[in-house]
Amino acid sequence: MAPSPLRYKLIYFEGMGKAEVIKMIFFLHKTAFEDKRINYEQWKVMKKDLPFCKLPVLYINGDDTLHTSGAILRYLATKFSMNGKNMVESAYIEMFANLLNDSYSKLPFLEADLKIKVEKIVKIHTTTILPILQKLEETLSNKTIQFLVGEKISYVDLKLANCLLITQQYLPSLLRRIPLLDSLKSYVLNLEEMEEYKQSTSLFL
């Protein structure tokens, strides 16, 4: 008798954010999960019951609880064979993912003044994000395979696609300067398994 599939419950805020690539992995592998989205008022009540007071949180079978997007990502990527075929590939995947995290985390997502927000987004893209993307573009140009690391899709390819969606929303002209990365983004998002993900995400509605 086959073991019962694991039950997953993912909790994060409403809208796009740190849980997005986690959701992409679930959809890509057609794995059912409860997608619980909360608002700030709900978070204030829930926060005191979480040992690390952080979101996202992933509950596995109601027993194990994983905190922080990085830990959850690596757990799922390892489970679904999206974390490289060896330790060296895994290290490159994490390195590229960290570079993307570090650069995109500087964007002023919480800036209330729209004019100031757009000005900052353009400046950060130009001074911080674009140099990293150009280095990744160079990495891809030296490969015969379209993925950032190895010969198959990994979680950093999903991370890249998610990041470039942000760039596409605010500064689409920049994508013309990184055509190989933009092509990889399109490949990821046009996978048949990603259709349901796109239907669940505000950027595609």
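Worth saying up front: this structure is predicted, and the values here are computed from it rather than measured.

Cut-offs applied
- Residues numbered from 1 in each chain as written.
- Predicted model: local features only at pLDDT ≥ 70, side-chain atom pairs only at ≥ 80, totals over all residues.
- Heavy atoms only, no water.
- Axes fitted to C-alpha atoms, helices over the stretch in contact; angles between N-to-C directions.
- Helix = DSSP H or I, 4+ residues; strand = E, 2+ residues; numbered from the N terminus.
- Parallel < 35°, antiparallel > 145°, perpendicular 65-115°, else oblique.
- Left-handed = near helix turned anticlockwise from the far one by under 90°.
- Contact = heavy atoms within 4.5 Å.
- Nonpolar A, V, L, I, M, F, W, Y, C, P; charged D, E, K, R; others polar.
- Pairing = 2+ DSSP bridges.
- Right-handed = clockwise from strand over helix to strand, strands pointing away.
- Salt bridge = Lys/Arg side-chain N within 4 Å of Asp/Glu carboxyl O.
- Buried < 20%, exposed > 50% of the residue type's maximum accessible area, 1.4 Å probe, protein only.

Asks: Help me understand the packing of helix α4 (residues 87-104) against helix α6 (residues 155-170), please; the structure alone is not making it clear to me.
Replies: The relative placement of two packed helices comes down to the angle between their axes together with the axis-to-axis distance. Here α4 crosses α6 at 20 degrees, and the two axes come no closer than 9 Å. The angle between α4 and α6 places the two elements in the roughly parallel class. The chirality of how α4 crosses α6 is left-handed. Contacts from Ile93, Glu94, Phe96, Ala97, Leu100, Asn101 and Tyr104 in α4 reach Tyr155, Val156, Lys159, Leu160, Cys163, Leu164, Ile166 and Thr167 in α6. Across the contact of α4 with α6, the residue classes break down as eleven nonpolar, two polar and two charged.

Asks: What is the right way to read the sheet that holds strand β1 (residues 8-13) from this model?
Replies: Backbone-to-backbone hydrogen bonds pair the strands of a sheet. The strands run either parallel or antiparallel. Overall, mixed pairing links the four strands, which are arranged β2-β1-β3-β4 in an open sheet. Looking at the sheet topology across the chains shown, the edges are occupied by β2 (34-38) and β4 (64-67). Taken pair by pair, the neighbouring strands of this sheet meet at an average axis angle of 20 degrees, ignoring direction. Bridge count between strand β3 (residues 57-60) and β4: four bridges; the pairing is antiparallel. Looking across to β4, one finds that Val57 is bridged to His67. Running at roughly 150 degrees to β1, helix α1 (residues 20-28) makes contact with β1, β2 and β3 of the sheet.

Asks: Can you help me understand the pairing of β2 in this one?
Replies: Side chains on a regular strand alternate between the two faces of the sheet. With five bridges connecting them, β1 and β2 associate as parallel partners. Looking at β2, one finds that Phe13 is bridged to Ile38. Once the chain exits β1 it traverses α1 before rejoining the sheet at β2, and the crossover so formed is right-handed.

Asks: It is not clear to me how the environment of Glu151 should be interpreted in this structure. Could you clarify?
Replies: Position of Glu151 relative to the elements: it lies in the loop between α5 (114-141) and α6. Measuring from C-alpha to C-alpha, the distance between Glu151 and Leu55 comes to 32 Å, with 96 residues separating the pair along the chain.

Asks: Mind showing me how you'd approach the pattern of salt bridges here?
Replies: Pairs can form between side chains of opposite charge whenever their charged atoms are close. Under the counting rule described, the total for this entry stands at eight salt bridges. Ionic pairing is found between Arg74 and Glu94, a salt bridge with its closest N-O pair at 3.5 Å. Note that Arg74 is positioned in helix α3 (residues 69-79) and Glu94 in helix α4, a separation of 20 residues in sequence. Between Glu119 and Lys115 there is a salt bridge, and its shortest N-O distance comes to 2.7 Å. Placement of the pair is Glu119 and Lys115 together in helix α5, with a separation of four residues, close to one helical turn. On the basis of relative accessibility, which here comes to 44%, the residue Glu119 falls in the partly exposed class. According to the relative accessible area criterion, Lys115 is exposed, its value standing at 58%.

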